[in-house]
Amino acid sequence: MLPKSAESQEVQKQLCDIIEFAKDRKVKLVLGNFVVDCTKELDPMTEVMLKMMGVFAELERNMISQRAKSGMENLSYPTVYKYLQIVEG
């Protein structure tokens, strides 16, 4: 498994590769409500916006993962057992 920084760099590289692929093939990328027309030269602001969307999507994924792990740690057996004693008792 890659360290977080290397994993992040790999994700960003893949996103850049997708953008380059779309520019080479002159296709439109449709990302939700965001449409990127790569049939003509791509505006630098649009390209930066795509990369920023990728960074924020990765941030959101990492935050969800962290919350899920934290929630699983909080649901340890002793905690659940104490809760059951309170409810039953």
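A quick note: this is a predicted structure, and the numbers were derived from the prediction, not measured. (Residues numbered from 1 in each chain as written. Predicted model: local features only at pLDDT ≥ 70, side-chain atom pairs only at ≥ 80, totals over all residues. Heavy atoms only, no water.)

Asks: Help me out: how do you make sense of the overall build of the chain in this one?
Replies: Along its length, the chain carries three helices and two strands. Starting at the N terminus and walking to the C terminus, you meet the elements of the chain as α-β-β-α-α. Expressed as a percentage of the 89 residues in the chain, the buried residues total 12%. Of all intrachain contacts in the chain linking residues separated by at least 6 positions in sequence, the fraction that spans at least 24 positions is 41%. Summing over all exposed atoms, the chain offers an accessible surface of approximately 7,400 Å²; the carbon and sulfur share of this is 62%. (Helix = DSSP H or I, 4+ residues; strand = E, 2+ residues; numbered from the N terminus. Buried < 20%, exposed > 50% of the residue type's maximum accessible area, 1.4 Å probe, protein only. Contact = heavy atoms within 4.5 Å. Areas by Shrake-Rupley, 256 points an atom, 1.4 Å probe, with all protein chains shown as cover.)

Asks: Help me understand the side chain of Gln12, please; the structure alone is not making it clear to me.
Replies: By the secondary structure assignment, Gln12 is in helix α1 (residues 4-25). In this structure Gln12 comes out as buried when scored by relative accessible area, which is 18%. Setting aside residues no more than four positions away along its own chain, Gln12 makes contact with Lys51, Gly54, Val55 and Glu58.

Asks: Sorry, what's going on with the pattern of salt bridges here?
Replies: Side chains that carry opposite charge are capable of pairing whenever their charged atoms lie near each other. This structure, assessed with the given rule, holds six salt bridges. For the salt bridge of Lys23 with Glu20, the shortest nitrogen-to-oxygen distance reads 3.1 Å. Within this pair, Lys23 and its partner Glu20 are both found in helix α1, separated by three residues, close to a single helical turn. With relative accessibility at 36%, the residue Glu20 sits in the partly exposed group. A salt bridge links Arg61 to Glu58, with the nearest nitrogen and oxygen atoms 4.0 Å apart. Within this pair, Arg61 and its partner Glu58 are both found in helix α2 (residues 44-74), separated by three residues, close to a single helical turn. (Salt bridge = Lys/Arg side-chain N within 4 Å of Asp/Glu carboxyl O.)

Asks: I keep staring at the nonpolar core and nothing clicks. Help me out?
Replies: Soluble globular proteins tend to pack their nonpolar side chains together in the buried interior. Membership of the largest hydrophobic core is limited to seven residues, which are Ile19, Ala22, Leu29, Val36, Cys38, Leu42 and Leu50. When neighbours within four sequence positions are excluded, Val36 is seen to be in contact with Val27, Lys28, Leu29, Leu42, Thr46 and Leu50. (Core = buried A, V, L, I, M, F, W, Y, C linked by side-chain atoms within 4.5 Å.)

Asks: Explain the pairing of strand β2 (residues 34-37) to me, please; I cannot follow it from the model alone.
Replies: A regular strand places its side chains so that they alternate between the two faces of the sheet. Examined bridge by bridge, strand β1 (residues 28-31) and β2 share four bridges and lie antiparallel to one another. Among the inter-strand pairings, Leu29 is bridged to a residue of β2, identified as Val36. Following β1, the chain reverses through two residues before pairing antiparallel with β2; Gly32 in that reversal takes a positive phi of roughly 65°. (Pairing = 2+ DSSP bridges.)

Asks: How should I be thinking about the environment of Arg25 in this particular structure?
Replies: One can find Arg25 in helix α1. Of the residues examined, Arg25 reaches a relative accessible area of 51% and is grouped as exposed. Through-space distance from the C-alpha of Arg25 to that of Thr39 is 7.9 Å; in sequence the pair is 14 residues apart.

Asks: Is there a simple way to explain the environment of Leu29 in this structure?
Replies: Position of Leu29 relative to the elements: it lies in strand β1. Linking Leu29 and Thr39, residues ten residues apart in sequence, is a C-alpha distance of 9.9 Å. With residues near it in sequence (within four places) discarded, Leu29 still touches Ile18, Ala22, Phe34, Val35 and Val36.

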